[in-house]
Amino acid sequence: MGRALLVMLALSLVAGVVGVLVNLRGLEFISDGLTHAVFPGLAIGFAFGGAGGLLPGAAVAALVAAVVLTWLARAGIGSDSAIAIVLTATFSVGVIVVSLGTDYAGELESLLFGRVLTIPAGQIPPLLVVAALALVAVAATLKQQLFRAFDPAGSRASGIPSLTVDLVLNVAVALVVVAGASTIGSLLVLALLIVPGAVARLTGVGLFALFPVAAVFALLASWLGLAANFAVSVGAGLDLPAGATVVAVFVAGYLLVLAITEIVRAVRRGARGGGVDAASARIRGDLGPAGAPARRHG
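Remember, it's a predicted structure, so these values are computed and weren't measured experimentally.

Help me understand the packing of aromatic side chains in this model?
What characterises a pair of aromatic rings is the spacing of the ring centres plus the angle enclosed by the ring planes. All chains considered together, the criterion is met by one aromatic pair. On the numbers, 5.9 Å between centres and 85 degrees between planes, the contact of Phe217 with Phe250 is edge-to-face. With Phe217 in helix H11 (residues 210–235) and Phe250 in helix H12 (residues 242–284), this pair connects stretches of sequence that are 33 residues apart. Residue Phe217 shares its accessibility class with Phe250, and that shared class is buried.

How should the pattern of salt bridges be read in this particular structure?
Any two side chains of opposite charge can pair, so long as their charged atoms come close to each other. Enumeration over the complete set of coordinates arrives at three salt bridges. Linking Arg148 and Asp166 is a salt bridge whose minimum nitrogen-to-oxygen distance equals 2.8 Å. Placement of Arg148 in helix H7 (residues 142–150) and of Asp166 in helix H9 (residues 162–181) is noted, with a sequence separation of 18 residues between them. Per residue, the accessibility class of Arg148 equals that of Asp166, and both read buried. Across the pair Arg265 and Glu262 runs a salt bridge, and its minimum N-O distance is 3.2 Å. One end of the pair is Arg265 and the other is Glu262, both in helix H12 and three residues apart, which spans about a single turn. What makes Glu262 partly exposed here is its relative accessible area of 36%. A cluster of three or more residues bridged by salt bridges with shared partners is formed by Arg25, Arg148 and Asp166.

Would you explain H11 in this entry?
Helical periodicity: at 3.6 residues per turn, an α-helix aligns residues three or four positions apart in one direction. With 26 residues, H11 extends 36 Å between its outermost C-alpha atoms, agreeing within 8% with the 38 Å of an ideal straight helix rising 1.5 Å per residue. Along H11, the positions that sit buried rather than exposed are Leu210, Phe211, Ala214, Ala215, Phe217, Ala218, Ala221, Ser222, Gly225, Leu226 and Asn229. Of the residues flanking the end of H11, it is Gly237, one or two places downstream, whose phi is positive at about 75 degrees.

Would you mind going over the nonpolar core with me for this structure?
Nonpolar side chains in soluble globular proteins tend to end up buried together. Counting residues in each nonpolar core, the largest one holds 68 residues, and the members touching the most others are Val18, Leu34, Val173, Val176, Ile184 and Phe250. It is helix H1 (residues 2–25) that contributes the most residues to this core, 12 residues altogether. When residues no more than four places from it in sequence are discounted, the contact partners of Phe250 are Ser12, Ala191, Leu192, Val195, Pro196, Phe217, Ala218, Ala221 and Ser222. Counting five residues, the second-largest nonpolar core is a separate cluster that includes Phe39, Ala43, Val97 and Leu112.

Rules used throughout
Residues numbered from 1 in each chain as written. Predicted model: local features only at pLDDT ≥ 70, side-chain atom pairs only at ≥ 80, totals over all residues. Heavy atoms only, no water. Phe/Tyr/Trp six-rings, centres within 6.5 Å; stacked < 30°, edge-to-face > 60°. Helix = DSSP H or I, 4+ residues; strand = E, 2+ residues; numbered from the N terminus. Buried < 20%, exposed > 50% of the residue type's maximum accessible area, 1.4 Å probe, protein only. Salt bridge = Lys/Arg side-chain N within 4 Å of Asp/Glu carboxyl O. Expected span 1.5 Å × (residues − 1). Core = buried A, V, L, I, M, F, W, Y, C linked by side-chain atoms within 4.5 Å. Contact = heavy atoms within 4.5 Å.

What follows is the structure in structure tokens.
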């Protein structure tokens, strides 16, 4: 549990920050494509190097996919088409490689849904390094990333190399996927990238405040998810997968924030509506200056 908590907190911090840019740029589908593109790297790395080959295999596959997706988008091919091509091709290769092993079902489940509670101690330093590289890449180009997110034409006119900015962001996403795929699984890591940024956007805070809000939400959700899984699995005797429990807490947190923001908006709309009705009544002469019924003469 200690190793799982350490890895999940580090991964959540980086995924929360990177996920804000993914949300601002509308790159959720590209992130989904990268998560699937990592799968064959995981399969090949596991087939040739066991658990120790997961991270190198995923890293190579993710970086190649990030470059290919960026190049296809720059070549004029629609982003959705490019992602679909990469996603289907790479995922099919991964399934073929896994099917050649002896424990097909077991290997497929662990690669897709992770093994966060059985992370060997030797894999923690490489995972932390990968997560730190993603964070550094985003921090070094943050102003350019924000400029490109809000004004792509203006960023190009100002001389910012859009290819480099896009490639850096895609590589950062790929690194987060690499760190998450070998722990929480290649399918569930998408929630860590998408949900915190979406939650931060719901809060309506300032632009630069989005990053700490997303990071704090991801940290709290990861901690609560692991704690809930421990309580249910150990205390209640229910064998629940830790990765899926963490993702469920992420989604539940998003729904909670969404409900709160909708309630706050409804209350504000109601308050504004009452103010408008009172102003209209004063114009008609129905109310006095203090809101009391006006005296009518004649």
